[in-house]
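Survey of secondary and tertiary structure
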Amino acid sequence: EAQVTQNPRYLITVTGKKLTVTCSQNMNHEYMSWYRQDPGLGLRQIYYSMNVEVTDKGDVPEGYKVSRKEKRNFPLILESPSPNQTSLYFCASSPDLDNEQFFGPGTRLTVL
Amino acid sequence: QKEVEQDPGPLSVPEGAIVSLNCTYSNSAFQYFMWYRQYSRKGPELLMYTYSSGNKEDGRFTAQVDKSSKYISLFIRDSQPSDSATYLCATGPGRRALTFGSGTRLQVQP
């Protein structure tokens, strides 16, 4: 089944404790991205990647890192999480810049 | 000003009603207009998209764009309880949406 998977789905952590949210797609898509979704603000792009080893900042990149060492994986790293990073995070992939994105099921992160 | 504005709802309607969901956008450079449906605890999925102005129909769903007033609409005919979800409008230069609205939560009561 073609899909985007994220792990973990739920995470509660404390301020400053480094964490990684994994994202994997099995559709051989070139383009992958991370979003956060907050009430009243909609989906905002954090980082995106147009191919292996090519990443770029989205609209709200502060406090986040990403890497794209393999085509299928695009982990989101929070080196020192803070409470304002409490949010619902979505990974998405698409074949290229012009085509529909497919979203993962989301990761609900709470930073205490 | 947000690039895409959307009434958050919730919007509650009886089964069988016609639903109208609306957005306004500010970036006139974008040519694609999308509607995503997001069920609770799931990621958004593309419902339909239109290119430039005009209407597009897909079963019970009709998407409409008025570029002169920068207004995007989604109509749902004969609404069903299974349509209960959050609907996100979005715009972009292609079908990969760049800017999303905050979503309207729809509840269809049986």
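The preceding data block contains the structure.
Now for a description of the structure that goes with this document. (Residues numbered from 1 in each chain as written. Chains lettered and ligands numbered in written order. Predicted model: local features only at pLDDT ≥ 70, side-chain atom pairs only at ≥ 80, totals over all residues. Heavy atoms only, no water.)

1. A closer look at the pairing of strand β11 (residues 104-109) of chain B
Residues and elements named next belong to chain B. What counts here: Throughout this description, buried means an accessible area under 20% of the type-specific maximum (1.4 Å probe, protein chains only), exposed means over 50%, and partly exposed covers the range between. Helix and strand assignments come from DSSP, with helices taken as H or I runs of at least 4 residues and strands as E runs of at least 2, each series counted from the N terminus. By definition, two strands form a pair when at least two bridges between them are found by DSSP.
Alternating residues of β11 divide into Thr104, Leu106 and Val108, all buried, and Arg105, Gln107 and Gln109, none buried. Pairing of strand β2 (residues 11-14) with β11 involves four bridges; the strand directions are parallel. Bridging across to β11, Pro14 finds its partner in Gln109.

2. What to know about the side chain of B:Thr91
Residue placement: B:Thr91 occurs in strand β9 (residues 85-92). Under the relative-accessibility criterion, B:Thr91 is labelled buried at 2%.

3. Quick word on the interface of chain B and chain A
This is how it is decided: Between two residues, a contact is recorded if the distance between any of their heavy atoms is within 4.5 Å. Computed with a 1.4 Å rolling probe, the buried area is the accessible surface lost when two parts are put together, summed over both parts. A side-chain nitrogen of Lys or Arg and a carboxyl oxygen of Asp or Glu constitute a salt bridge if their distance falls within 4 Å. Counting of polar contacts relies on pairs of N or O atoms within 3.5 Å, with two restrictions inside protein: one atom must be capable of donating a hydrogen and the other of accepting it, and residues adjacent in sequence are counted only when both atoms are side-chain atoms. All amino acids are sorted into three groups, where Ala, Val, Leu, Ile, Met, Phe, Trp, Tyr, Cys and Pro are nonpolar, Asp, Glu, Lys and Arg are charged, and the leftover types, Gly among them, are polar.
Across the contact, 16 residues belong to chain B and 20 residues belong to chain A. Summed over both partners, the interface of chain B with chain A comes to about 1500 Å²; 49% of that surface belongs to carbon and sulfur atoms. Ranking the residues of chain B by area buried against chain A places B:Arg95, B:Arg96 and B:Phe100 at the top, with a combined share of 39%. Applying the counting rule to chain B against chain A returns zero salt bridges. Summed over the shared surface of chain B and chain A, the result is two residue pairs in polar contact (both at pLDDT 80 or more). Residue composition of the side of chain B that touches chain A, by class: six nonpolar, five polar and five charged.

So, to be careful, I would describe these as geometric facts and stop short of saying anything about function.
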